[in-house]
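Secondary and tertiary structure notes
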Amino acid sequence: MSYLPDRVLAGERSADPLDDQFPSGSKDSPRDVPVWKAEPGRYRLVAARACPWAHRSIIVRTLLGLEDVISWGAPGPVHDARSWTFDLDEGGRDPVLGIERLQEAYFAREADYPRGITVPAIVEVESGQVVTNDFPQITHDLSFEWREHQRPDAPDLWPADVREEMEAVMKRVFTEVNNGVYRCGFAGSQEAYDDAYERLFAALDWLEDRLADRRYLMGDAITEADVRLFTTLVRFDAVYHGHFKCNRNKITEMPHLWGYARDLFQTPGFADEVDFEQIKQHYYVVHTDINPTQIVPAGPDESGWLTPHGRG
């Protein structure tokens, strides 16, 4: 959880009037950081559909209509100890950056970069350098700093009137759900697993209750909080239930969460960016300590995602 904290801003300071009150980055967003200018065509978002943290940025980019403003490079679903690779592209190279491994863009920024080569990453096309890989800050700044270039009917993913409550909801979702499934999957002892399991399902029960009388987490409109929860829910039955031993029940067995997840999935910008095969390949192939055979399961049946959700 240590990232390059640089920011891409429309001006010298953040366009978010609540930026100092509610820091949005992975380490409470240090403010004394290098600033890069938000300019169409200057940057490339490198983000794998397989990775839940990167998946957020792909969905937000699509929801806001920034496809022609910030290009997208898509690594394949698996990686080795060195880096994510562009094996989905012809010749195994990103067609814009011309690199085989995302590691090359990190090394262009800092020779022998010592931390994790993570996605999502914003890369400056001309220099080939990673600008930032601070994943929660990236989606925040896509919303606030690129508003001049968003489509006219783009959603307000950070509504000011519910901001304080939304920040609290996102913190609990991140700690107990987004990270909670990983605490279960990588627990090093029975005691650690049992604690993680109880915390995860306590949070899912809280969400089930919260969604009983509202369409989305914050009410009648989609917000960043929904994007952040969705990327875990869409992976839950296919990966986390079995692979990470999060098996008290499936999301399909929680009526409000399942209806909510389908509602989002069927909203333009969500299902378009979901690839279940890549998701399964990523977890079942990369995590050899959990799945040494690297066998990728055939199921579950994905057709249920397109059934009526009854929430609109």
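All values derive from a computational prediction rather than experimental measurement. (Residues numbered from 1 in each chain as written. Predicted model: local features only at pLDDT ≥ 70, side-chain atom pairs only at ≥ 80, totals over all residues. Heavy atoms only, no water.)

1. Details of the sheet that holds strand β3 (residues 43-46)
One open sheet holds the 4 strands; their spatial order is β4-β3-β5-β6, and the pairing between them is mixed. Both outer strands of the open sheet, β4 (71-73) and β6 (130-132), are each paired with one neighbouring strand and no more. Sheet twist, expressed as the average angle between the axes of neighbouring strands with direction ignored, equals 40°. Where β3 and β4 come together, 3 bridges link them in parallel fashion. Across the sheet, Val46 pairs through a bridge with Gly73, a residue of β4. (Pairing = 2+ DSSP bridges. Helix = DSSP H or I, 4+ residues; strand = E, 2+ residues; numbered from the N terminus. Axes fitted to C-alpha atoms, helices over the stretch in contact; angles between N-to-C directions.)

2. Thoughts on the UniProt feature "active site" (unreviewed entry) in the protein
Following the UniProt record, the feature "active site" (unreviewed entry) maps to Cys51 and Tyr182 here. In sequence the annotated residues extend across 132 residues, while in space they remain close, none of their C-alpha pairs exceeding 12.6 Å. On the secondary structure map, Cys51 appears in the loop between β3 and α1 (52-63). Beyond its immediate stretch of four places on either side in the chain, Cys51 contacts Trp84, Val119 and Arg235. (UniProt positions renumbered as here; feature names shortened; annotations may be inferred. Contact = heavy atoms within 4.5 Å.)

3. Comments concerning the pairing of strand β5 (residues 121-124)
The side-chain alternation of β5 yields two buried faces, one formed by Ala121 and Val123 and the other by Ile122 and Glu124. Bridge count for β5 against β6 is 2 bridges, and the pairing is antiparallel. By the bridge assignment, Val123 is partnered in β6 with Val130. Two successive antiparallel strands, β5 and β6, enclose a turn made up of 5 residues, where Gly128 displays a positive phi of approximately 75°. (Buried < 20%, exposed > 50% of the residue type's maximum accessible area, 1.4 Å probe, protein only.)

4. Details of the pattern of salt bridges
Taken as a whole and assessed by the stated rule, the structure comprises 22 salt bridges. In this structure, Arg199 and Glu176 form a salt bridge, with 2.8 Å as the shortest nitrogen-oxygen distance. Residue Arg199 is found in helix α6 (residues 190-210), and its partner Glu176 is found in helix α4 (residues 163-178); the two are separated by 23 residues along the sequence. When its relative accessible area of 15% is taken as the criterion, Glu176 is described as buried. A salt bridge links Asp205 to Arg248, with the nearest nitrogen and oxygen atoms 2.7 Å apart. With Asp205 in helix α6 and Arg248 in the loop between α7 (224-243) and α8 (255-265), this pair connects stretches of sequence that are 43 residues apart. Taking the relative accessible area as the measure of exposure, Asp205 reaches 30% and is therefore partly exposed. One network of salt bridges, in which partners are shared, links Arg7, Asp19 and Asp141. (Salt bridge = Lys/Arg side-chain N within 4 Å of Asp/Glu carboxyl O.)

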